[in-house]
Amino acid sequence: MLTPLPVDTPVTNFWTLVLQHRVTVIIAFEPRDSDKQVVSHYLPASKNEVIHCDQMDVEAGTITTGPYWQEHKLTIILRHKKKTKAYDKYHVTHYKYTDDIFNPESVLAFIQRVRLGSDQHEKIMFTCLSGAEESGLLYVLTSLLDRLDNDNCINIPLLVGAVKSSHLQVIPTLDYYKVLYKVVNLYVESLLSSSGQSCRAVSTYIQMTSPLYDQRPHETENIYANIQSIYATPTQ
């Protein structure tokens, strides 16, 4: 699920969406301080803070800070007006990525942390300022790594095309596309390294799983040649 961060809108709408879709994990990329648009204060900054949203209270439990992320264990308390039961409690884990979105090493470390702390069948919300660019990259990468684990085979262009058919802003430039390949390559390297296979097998594995790789996998420009035209700026 992809959605924008709350900007100049009531945070109640954001948390209502979380409850409506039974989201249990939120993966967020928030803009830098220099960004002109300011994200609404939707997340408790400490255990002593509570975000009040009409009939909801959002409380923070454990807050963990990693090298590239912050992890918040949240409890949403939904109060009832006309029911015998006074309230319901929902538990949500919020992961915020805090590094450069174009750094493949830190992106992979972040996704690995999220996957380690969540179940594959949980309902995940991906969110960023635009609702599709950075969060879309994290969504596609999470899907790719899941498919690699389950099927041992992926087709990156096919998955990107399927996602872009409903969310055009996902993977909006060639730079985003390159990050996909770099992160997947790092992940495959780690799998092969842990299994004792040589790193030379990595390029062969990627070649087999993606039609964008040609017979010279170590020449970076050849890897992306077939998709360059997709992101080319139209001439006037």
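This structure is a prediction, so every number in the text was calculated from the model and none was measured.

Enquirer: Give me the lowdown on the overall build of the protein, citing residues and values where you can.
Expert: A count of helical and extended segments in the protein gives seven helices and seven strands. Going from N to C terminus, the protein has its helices and strands arranged as β-α-β-β-β-β-β-α-β-α-α-α-α-α. Considering the protein as a whole, with its 236 residues, one finds that 45% of them fall into the buried category. Sequence separation of 24 or more characterises 60% of the internal contacts of the protein that already satisfy a separation of 6 or more. Taken as a whole, the protein presents about 12,900 Å² of accessible surface, with 50% of it coming from carbon and sulfur.

Enquirer: Describe in detail unusual backbone geometry, supporting the description with residues and values.
Expert: In this model, Asp 54 sits at a positive phi of 50°, which is unusual for a non-glycine residue. Positive phi, normally seen in glycine, also occurs at Ile 171, with a value near 50°. For Ile 171, a relative accessible area of 0% corresponds to the buried category.

Enquirer: Please provide a residue-by-residue account of the pairing of strand β5 (residues 69-79), values included.
Expert: Direction of pairing for strand β4 (residues 56-65) relative to β5: antiparallel, over a ladder of eight bridges. If you follow Met 56 over to β5, its bridge partner there is Leu 78.

Enquirer: Mind laying out the pattern of salt bridges, listing which residues take part and the relevant values?
Expert: Any two side chains of opposite charge can pair, on the condition that their charged atoms come close. The tally for this structure, following the rule as stated, stands at five salt bridges. Its salt-bridge partner being Arg 115, residue Asp 149 comes within 2.4 Å of it at the nearest N-O pair. With Asp 149 in helix α3 (residues 134-151) and Arg 115 in helix α2 (residues 104-117), this pair connects stretches of sequence that are 34 residues apart.

Enquirer: Describe in detail the side chain of His 72, supporting the description with residues and values.
Expert: In this structure, His 72 sits in strand β5. Excluding anything up to four places from it in sequence, His 72 contacts Leu 43, Pro 44, Thr 62, Ile 63, Val 92, Thr 93 and His 94.

Enquirer: Give a description of the packing of α2 against helix α5 (residues 174-194) that names residues and reports values.
Expert: Interhelical geometry of α2 versus α5 gives an angle of 65° and a closest axis separation of 9 Å. Two packed elements cross with a definite hand, and for α2 against α5 that hand is right-handed. Residues Pro 104, Glu 105, Val 107, Leu 108, Gln 112 and Arg 115 of α2 lie in contact with α5, whose contacting residues are Lys 182, Val 183, Leu 186 and Tyr 187. For the contact of α2 with α5, the class distribution of residues is six nonpolar, one polar and three charged.

Enquirer: Explain the packing of aromatic side chains to me, and be specific about the residues and the numbers.
Expert: If you walk through the whole model with that rule in mind, you get eight aromatic pairs. An angle of 55° between the planes, with centres 5.1 Å apart, marks the rings of Tyr 97 and Phe 110 as tilted. Residue Tyr 97 is located in strand β6 (residues 87-97), and its partner Phe 110 is located in helix α2; the two are separated by 13 residues in the primary sequence. The class of Tyr 97 is buried, set by a relative accessible area of 2%. Relative to Tyr 139, the ring of Phe 126 lies with its centre 5.4 Å away and its plane at 75°, an arrangement referred to as edge-to-face. Taken as a pair, Phe 126 in strand β7 (residues 124-128) and Tyr 139 in helix α3 lie far apart in primary sequence, 13 residues in all. Residue Phe 126 is classed as buried on the basis of its relative accessible area of 3%.

Thresholds applied
- Residues numbered from 1 in each chain as written.
- Predicted model: local features only at pLDDT ≥ 70, side-chain atom pairs only at ≥ 80, totals over all residues.
- Heavy atoms only, no water.
- Helix = DSSP H or I, 4+ residues; strand = E, 2+ residues; numbered from the N terminus.
- Buried < 20%, exposed > 50% of the residue type's maximum accessible area, 1.4 Å probe, protein only.
- Contact = heavy atoms within 4.5 Å.
- Areas by Shrake-Rupley, 256 points an atom, 1.4 Å probe, with all protein chains shown as cover.
- Pairing = 2+ DSSP bridges.
- Salt bridge = Lys/Arg side-chain N within 4 Å of Asp/Glu carboxyl O.
- Axes fitted to C-alpha atoms, helices over the stretch in contact; angles between N-to-C directions.
- Left-handed = near helix turned anticlockwise from the far one by under 90°.
- Nonpolar A, V, L, I, M, F, W, Y, C, P; charged D, E, K, R; others polar.
- Phe/Tyr/Trp six-rings, centres within 6.5 Å; stacked < 30°, edge-to-face > 60°.

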